[in-house]
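Descriptive structure summary
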Amino acid sequence: MATLTQDEKIINYVKDTNLQHIAIIMDGNRRWAKQKGLPSAFGHKKGVDSLKTIMRACDDFGIKYLTVYAFSTENWNRKQEEVDFLMDLLGKTLQNELQEMHENGVVINFIGDIKRLNPKLQEILAHSVEVTKNNTGVRLQIAFNYGSRDEIVHAVKCIAQKVKNSEIDIDDINEDLISDSLYTKNIPDPDLLIRTGGEMRISNYLLWQIAYSEFFVTKTLWPDFDKSALADAVEEFHSRQRRFGK
């Protein structure tokens, strides 16, 4: 019997566990740059390369959904120079990579309070969503100006407004309604949450959605996280027994 390749083994693990959605906290760009004596901008640029690698790996492994934490509501507290760079990096990356992602069937979506971004960047984001909306490949959710508590507050306000307008009764409020009021509506909850960089915290990310996600933390910094590292995470996920409280 022929020995399976690494990719074939991981594909089988994905199918066996019905692994559909991976969420990632992409941590370690600045530390990676500092270790090499480089400005943080170099780490962020290298982080974009890692994201492209992981998107391709998800496609190869048959993983349908990938959600990445790119800019949090708390990141506004960083130095203005770095905030401006990250905004510019997102816009330029989308403009430079959109055609290739479109040709590869990637579906792009954004979760977070996009309205706070400058109008030009909002246009770039909206264009990338429009161009790729009918694709059938990996569905990439980019969490930008995203914070889970902010998301939940937004959902509560939306539900409260519906009650106020007599569109729903208070007894209609349940878990499904709350899920449908979040930025991630129509997206299945993550099966696996990966955090690079070794920190052991969730950082206000998908608090509602990860109720029964499996966690995988690696000390590997995000710019060094590659297809092999993703395969290790999937293999670890395959070894877990998911009980969902049972």
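The paragraphs below set out a description of the structure included in this document. Keep in mind that this is a model prediction, so the values were computed, not measured.

The subject of this paragraph is the sheet that holds strand β5 (residues 192–195). Taken in spatial order, the six strands make up an open sheet running β3-β4-β2-β1-β5-β6, and their pairing is parallel. Sheet topology places β3 (107–111) and β6 (214–217) at the edges, where each strand pairs with a single neighbour. Each neighbouring strand pair of the sheet contributes to a mean axis angle of 20 degrees, computed without reference to strand direction. Two strands pair when backbone bridges link them, and β3 and strand β4 (residues 139–146) are joined in this way by five bridges, in the parallel orientation.

To continue, consider the pairing of strand β1 (residues 21–25). Most of β1 is tucked away, with five of its five residues classed as buried. In this sheet, β5 lies alongside β1 in parallel orientation, the contact comprising four bridges. Bridging across to β5, Ile 22 finds its partner in Leu 192.

We now examine the nonpolar core. Formed by 47 residues in total, the largest nonpolar core has its most connected members in Ile 22, Ile 24, Leu 66, Ile 194 and Leu 230. Per element, the largest residue contribution to this core is seven residues, and it comes from helix α4 (residues 80–103). Not counting the four nearest positions on each side in its chain, Leu 66 is found in contact with His 21, Ile 22, Ile 24, Leu 51, Ile 54, Met 55, Cys 58, Val 138, Arg 139, Leu 140 and Gln 141. Of all hydrophobic cores here, the second largest spans ten residues; its members include Ala 23, Ile 111, Tyr 205 and Leu 206.

It is worth spelling out the pattern of salt bridges at this point. One pass over the full model with this rule turns up 15 salt bridges. We note a salt bridge from Lys 92 to Asp 88, for which the minimum N-O separation is 3.1 Å. Of this pair, Lys 92 and Asp 88 both sit in helix α4, four residues apart, which is roughly one turn of the helix. With a relative accessible area of 38%, Asp 88 lands in the partly exposed category. For Arg 240, the salt bridge is made with Glu 214, and the minimal N-O distance between the two is 2.8 Å.

Within the element layout of this structure, Leu 66 appears in strand β2 (residues 65–72). For the pair formed by Leu 66 and Ile 22, sequence separation is 44 residues and the distance between their alpha carbons is 5.1 Å.

So, on to the packing of aromatic side chains. Enumeration over the complete set of coordinates arrives at seven aromatic pairs. One aromatic cluster is present, built from ring pairs that chain together Tyr 69, Tyr 146, Tyr 183 and Tyr 205. The side chain of Arg 116 reaches across the aromatic face of Trp 76, ending 4.0 Å from its centre.

Right, let's talk about the pairing of β2 for a bit. Judged by how many residues are buried, β2 sits mostly within the fold: seven of eight residues are covered. Alignment of β1 against β2, held across five bridges, turns out to be parallel. Note on β2: the bridge partner recorded for Ile 22 is Leu 66. Two elements, β2 and β4, share seven bridges in a ladder whose sense is parallel. Residue pairing in the sheet places Val 68 in a bridge with Ile 142 of β4.

Scoring rules and cut-offs
- Residues numbered from 1 in each chain as written.
- Predicted model: local features only at pLDDT ≥ 70, side-chain atom pairs only at ≥ 80, totals over all residues.
- Heavy atoms only, no water.
- Pairing = 2+ DSSP bridges.
- Helix = DSSP H or I, 4+ residues; strand = E, 2+ residues; numbered from the N terminus.
- Axes fitted to C-alpha atoms, helices over the stretch in contact; angles between N-to-C directions.
- Buried < 20%, exposed > 50% of the residue type's maximum accessible area, 1.4 Å probe, protein only.
- Core = buried A, V, L, I, M, F, W, Y, C linked by side-chain atoms within 4.5 Å.
- Contact = heavy atoms within 4.5 Å.
- Salt bridge = Lys/Arg side-chain N within 4 Å of Asp/Glu carboxyl O.
- Phe/Tyr/Trp six-rings, centres within 6.5 Å; stacked < 30°, edge-to-face > 60°.
- Lys NZ or Arg CZ within 6 Å of the ring centre and 35° of its normal.

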